[in-house]
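# Coordinate inspection notes
One-letter residues, chain by chain:
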Amino acid sequence: MTILVTGGAGFIGSNLVNFLASENQVVVIDDLSMGKIENLDKSFNIEFIKGSVTDNILMKKLLKEKHFDYIFHLAAIASVADSVENPIKTHKVNFDSVFLLLELIRKYQKSLQRLVFSSSAAVYGDEVSLPKKEKSVIRPLTAYAIDKFAAERFVLMYSNLYKVPTSVVRFFNVYGPKQNPSSPYSGVISIMMDCFLKIQTNIEAKFTLFGNGKQSRDFVFVEDVLKALMLVSKSNSAIGEVYNVGTGHAVTLLDLISIIEKTLGFKLPVIYEDLRLGDISESLADISKLQTLGYKPANTISRGIDKYIKYLTSSNGYIFE
Ligand code: NAD
Ligand code: UD1
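Bear in mind that the values here come from a model prediction, so they are computed numbers and not experimental data.

Right, let's talk about the overall build of the protein chain for a bit. Counting its regular elements, the protein chain contains ten helices and 13 strands. What you see for the protein chain is a C-alpha radius of gyration of 19 Å, in line with the 20 Å of a compact globule of 321 residues. For the protein chain, the spread of C-alpha atoms along the three principal axes comes to 55 × 45 × 40 Å. Excluding contacts between residues fewer than 6 apart, the proportion of contacts in the protein chain whose partners are at least 24 apart in sequence is 76%. On the protein chain, roughly 14800 Å² of surface is accessible, and the fraction owed to carbon and sulfur atoms is 54%. In the protein chain, 36 side chains carry a positive charge and 33 a negative one; their mean positions are 4 Å apart.

Okay, here's the thing in structure tokens:
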């Protein structure tokens, strides 16, 4: 199979690419704004293109010249807070690139078996009912969430009107190896782990907690996310459908800190700051729709954190089961 992964040098993307590349030809396009080329396994024959998914000429050339069996569109500015700071810039990547890709697929990719678009739990916003079902009320609060929802609608419309085989996944909070902690807007577990590891090696570090730490998230280990992506992309009944990808369990940030503290055996120094603009207080997935495809998350938060710590602290790198 020939597979295109946009944003394939990023956190979820590189885990997916390394998983797929042992048995498939994988092409990656990434502008390396957050991703790293080192995330890609050198032992596989991965074709890497450094460029932007917003570059019409580059994307047209790519989709005209190559024929893909599967496309996973993961490229995005994944930080909600970034979209609050720079809504126009993030809109170009998080919405315009999806629309462009859909048109190019309609024109040039007649043998595509599936486009999987990575949306987000952020589309549900702060409407209070929990857990979130795919049919729950949508109340996006940020440019990031609005762009993801608008893009979802186009992705489904291309399936309905033009018979482009598409599926949408709404990731909840994904964590695990290769998540980049370098930006203050990076995923919270990667930032926490970075602090813990600095402290462990006697480098001074403090974790900034926005709010009182009682906000909760459905944190899902990236290994389970890959399983979800495989199930959705291979299932015919998933065409034109949307799936939550989470665990069905939520933890508060305070609980999360104490789980990591117990595993590592020392305390995390915390500074409290005001809640961030657009922050959601609670998030929890109903995963029953994905379960109908055979999905069963294998990692509780403790198990996932344990594996993540092993990966970060072992010299030969932890390999997924
Ligand atoms: P990430 O930032 O690690 O990956 C995104 C990748 O896209 C990066 O490698 C980045 O360099 C690349 N990129 C950004 N702009 C680009 C552009 N214009 N052209 C080409 N490449 C570009 O983030 P991630 O956590 O791996 O997220 C992957 C996808 O999943 C994103 O669409 C994100 O919105 C979505 N998502 C992630 C989470 C999560 O918890 N990590 C949750 C919900 C949805
Ligand atoms: C995350 C994803 C987003 C996805 C959404 C789905 C990232 C960077 N963002 O957003 O792409 O669409 O899940 O639910 O992966 N926090 C701190 N201190 C920090 C960093 C964060 O207290 O240093 C807090 C935040 O204020 C928030 C919580 O931790 O309350 C989670 O933040 P974050 O990891 O950025 O995720 P989301 O905003 O939920």
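In this chain, L130 is followed by P131 through a cis amide linkage whose omega measures -5°. Residue position: P131 is located in the loop between β5 (114-120) and α5 (143-162). Residue L32 is not a glycine yet carries a positive backbone phi of 60°. You can see L32 is positioned in the loop between β2 (25-30) and β3 (46-50). Phi at K163 takes a positive value of approximately 60°, unusual for a residue other than glycine.

A few words on the sheet that holds strand β1 (residues 2-6). Judged by pairing direction, the sheet is parallel, and its seven strands sit side by side in the order β3-β2-β1-β4-β5-β6-β11 without closing on themselves. In the strand order of this sheet, the two ends are held by β3 and β11 (242-245), each with one partner. Across the sheet, the axes of successive neighbouring strands diverge by a mean angle of 20°, strand direction being ignored. Where strand β6 (residues 166-171) meets β11, four bridges bridge the pair, whose relative direction is parallel. Counted as the bridge partner of F171 is V245 from β11.

Okay, the site of ligand 1 next. The immediate surroundings of ligand 1 are formed by 28 residues, with F11, I12, D30, Y144 and V174 found nearest. One of the backbone nitrogen or oxygen atoms of S33 is found 3.2 Å away from an oxygen atom of ligand 1. Measuring from an oxygen atom of ligand 1, one finds a side-chain N or O atom of K148 at 2.9 Å. Burial of ligand 1 by the protein chains amounts to 93% of its free accessible area of 820 Å². Elements with a minimum of two residues in the shell around ligand 1: α1 (11-20), β5, α5 and β7 (173-175). Of the residues contributing to the shell around ligand 1, the split by class is 15 nonpolar, ten polar and three charged.

Conventions adopted
Residues numbered from 1 in each chain as written. Chains lettered and ligands numbered in written order. Predicted model: local features only at pLDDT ≥ 70, side-chain atom pairs only at ≥ 80, totals over all residues. Heavy atoms only, no water. Helix = DSSP H or I, 4+ residues; strand = E, 2+ residues; numbered from the N terminus. Rg over C-alpha atoms; globule rule 2.2 N^0.38 Å. Contact = heavy atoms within 4.5 Å. Areas by Shrake-Rupley, 256 points an atom, 1.4 Å probe, with all protein chains shown as cover. Lys, Arg positive; Asp, Glu negative; His and termini not counted. Charge placed at Lys NZ, Arg CZ, Asp CG, Glu CD. Pairing = 2+ DSSP bridges. Axes fitted to C-alpha atoms, helices over the stretch in contact; angles between N-to-C directions. Near = heavy atom within 4 Å. Polar contact = N/O pair within 3.5 Å; in protein donor to acceptor, adjacent residues only side chain to side chain. Nonpolar A, V, L, I, M, F, W, Y, C, P; charged D, E, K, R; others polar.

Just geometry here; none of it tells us what the structure is for.
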